[in-house]
Amino acid sequence: MKFCNSILETIGNTPLVKLHRVTAGLPCPVFAKVEFFNPGNSIKDRMALKMVEEAEKKGLLKPGGTIIEGTSGNTGMGLALAAVIKGYKCIFTTTDKQSKEKVDILKAVGAEVIVCPTNVEPEDPRSYYSVSRRLSTEIPNSFYVNQYDNLANRDAHYEQTGPEIWDQTDGKITHLVVATGTGGTITGAGKFLKEKNPAIQVWAIDSYGSLLKKYHETGEIDMSEVYPYITEGIGEDFVPENYDMNIIDRFEKVTDKDGAVMARRITKEEGIFVGYSAGSALSGLIQLKSHLKPTDVVVVIFHDHGSRYVGKVYNDQWMMERGFLDVKTVKDVVKWPS
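Computed from a predicted structure; not experimentally measured.

A. Representation of the layout of surface pockets in the model. When its volume is computed, the largest pocket comes out at roughly 690 Å³. Taken together, 45 residues make up the lining of the largest pocket; nearest its centre are Lys97, Tyr229, Ile234, Gly235 and Glu236. Element by element, the count of residues in the lining of the largest pocket is highest for helix α6 (residues 184–196), at three residues. When the residues that make up the lining of the largest pocket are grouped by side-chain class, the tally is 16 nonpolar, 21 polar and eight charged.

The structure is reproduced here in structure tokens:
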């Protein structure tokens, strides 16, 4: 018989899908690495399992223990799947800007979820970073994952995501495009690919309200760059240790509106039901089209599934309230986008 011993064995080996309509204005072929084929519906399954396994090897996570982490949702899902199979408890902190669907999904797989305010500094005791760290000191037999500074995060993508992309493109990839947050995916996969071919360009897509782009360009942590934004799962108000900025060739910022609108276009025009960050990644690539030539081969990471955002990006009322979607009649809603 051919079967997997647990759901964790289905992580990885996600498909590479060529895009057509949404990339029609670009001079070269563009392929999406569709990561929602992972069992937890996101790329975070890869690094979540890796971080748990490394913690087990080091004796940081013991039988019957509790996994504690601050998450925008997807890392929590990956950790929760590992916890179900391996017998751990989970407590996650998240921010009040994350979609309700993400919180409900985490609860569905047995996690306790604590929602914290978004608009506070990382060091503020109310922030989801601070609350998760504090809980790890108060709860016996617990392990604080810290995906931002846990280098097993980027190791997972060096060992898995990068090699998969290299193999699937027969080594022809010229550009890797990632909407980036913790830095694990872009640094890990980018490092592997550049070791194979140093000419490969690694492009990071950032959000307005994040300090990463300016830090990459100047080395300066400028808190005046930081302000509230709606896009989920990308951008940061600090620089996680998973980043190796030498791996990244360029940062490009994308607005909340452009990311949301593009996510809906990808879903409607390509039939790939993507999350918010995929829209940001592709929108950023299109903004950089003048840097592409016909012989290039671009791979864009599609991080997660659109089901995480049905109450936001895929809700017309939510989009219209934020000025992201202009409609005048029911006919416009049915036909949008043309």
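B. Molecular detail of the side chain of Asn242. Checked against the element boundaries, Asn242 lands in the loop between α7 (212–218) and β9 (250–254). There is a polar contact of 2.8 Å between the side chain of Asn242 and the backbone oxygen of Gln147. Discounting residues that sit within four places of it in the chain, Asn242 has contacts with Gln147, Tyr148, Asp149, Asn150, Leu151, Asn153, Arg154, Thr182, Gly183, Gly184 and Thr187.

C. Region of interest: the packing of aromatic side chains. All told, the structure shown has eight aromatic pairs when counted by the stated rule. Measuring from ring centre to ring centre gives 5.8 Å for Tyr158 and Phe192, while their planes differ by 75°; the resulting arrangement is edge-to-face. Highlighted residues: Tyr158 in helix α5 (residues 152–168) and Phe192 in helix α6, separated in sequence by 34 residues. The class of Tyr158 is partly exposed, set by a relative accessible area of 28%. Look at Phe192 and you get buried, because its relative accessible area is 14%. The interplanar angle of 75° and the centroid separation of 6.0 Å between the aromatic rings of Trp318 and Phe324 together place this pair among those described as edge-to-face.

D. Representation of the sheet that holds strand β1 (residues 16–18) in the model. Here six strands make up an open sheet; going across it, the order is β1-β2-β10-β7-β8-β9 and the pairing mixed. Across the chains shown, the open sheet's two edge strands, defined by having one partner strand only, are β1 and β9. Pairwise comparison of adjacent strand axes, ignoring direction, gives a mean angle of 25° for this sheet. Strands in contact with helix α9 (residues 276–287) are β2 (30–34), β7 (175–179), β8 (201–207), β9 and β10 (298–302); relative to β9, the strand with the most contacts, it is inclined by about 115°.

E. Examining the packing of helix α8 (residues 256–270) against α9 more closely. Packing of α8 against α9 brings their axes to within 7 Å, and their N-to-C directions diverge by 105°. The orientation of α8 with respect to α9, classified from their angle, is roughly perpendicular. Where α8 abuts α9, its residues Asp256, Asp258, Gly259, Ala260, Met262, Ala263 and Ile266 lie against Tyr276, Ala278, Gly279, Ser280, Leu282, Ser283, Ile286 and Gln287. By residue class, the composition of the contact of α8 with α9 is eight nonpolar, five polar and two charged.

F. Inspection of the sheet that holds strand β3 (residues 66–70) at higher detail. The four strands are arranged β5-β4-β3-β6 in an open sheet whose pairing can be described as parallel. Because the sheet does not close on itself, it has two edges, and the strands there are β5 (112–116) and β6 (142–144). Mean inter-strand twist for the sheet, computed between neighbouring axes without regard to direction, equals 20°. Here strand β4 (residues 89–95) runs beside β5; their pairing, made up of five bridges, is parallel. Bridging across to β5, Thr94 finds its partner in Val115. Across the sheet, helix α3 (residues 100–108) touches β4 and β5, and the angle it forms with β5 is around 155°.

G. Unusual backbone geometry, seen in detail. For Asn41, which is not a glycine, the phi torsion comes out positive at approximately 65°. Mapped onto the secondary structure, Asn41 falls in the loop between β2 and α1 (44–57). Of note in this structure, Asn146 is not a glycine but carries a positive phi near 55°. In this structure, Asn146 sits in the loop between β6 and α5.

H. Highlighting α8. The end-to-end C-alpha distance of α8, which contains 15 residues, comes to 21 Å, matching closely the 21 Å that a straight helix rising 1.5 Å per residue would cover. Among the residues of α8, Asp256, Gly259, Ala260, Met262, Ala263, Arg264, Ile266, Glu269 and Glu270 are the ones counted as buried. Where the residues of α8 are buried, they touch β1, β8, β9, α9, β10 and α10 (316–321). One or two positions beyond α8, positive phi appears at Gly271, with a value near 75°.

Rules used in this analysis
Residues numbered from 1 in each chain as written. Predicted model: local features only at pLDDT ≥ 70, side-chain atom pairs only at ≥ 80, totals over all residues. Heavy atoms only, no water. 1 Å grid on protein atoms, 1.4 Å probe; cavity = no way out; pocket = protein on both sides within 12 Å on 5 of 7 lines; lining within 4 Å. Points joined across faces, edges and corners; volume = space filled by probe spheres on them. Helix = DSSP H or I, 4+ residues; strand = E, 2+ residues; numbered from the N terminus. Nonpolar A, V, L, I, M, F, W, Y, C, P; charged D, E, K, R; others polar. Polar contact = N/O pair within 3.5 Å; in protein donor to acceptor, adjacent residues only side chain to side chain. Contact = heavy atoms within 4.5 Å. Phe/Tyr/Trp six-rings, centres within 6.5 Å; stacked < 30°, edge-to-face > 60°. Buried < 20%, exposed > 50% of the residue type's maximum accessible area, 1.4 Å probe, protein only. Pairing = 2+ DSSP bridges. Axes fitted to C-alpha atoms, helices over the stretch in contact; angles between N-to-C directions. Parallel < 35°, antiparallel > 145°, perpendicular 65-115°, else oblique. Expected span 1.5 Å × (residues − 1).

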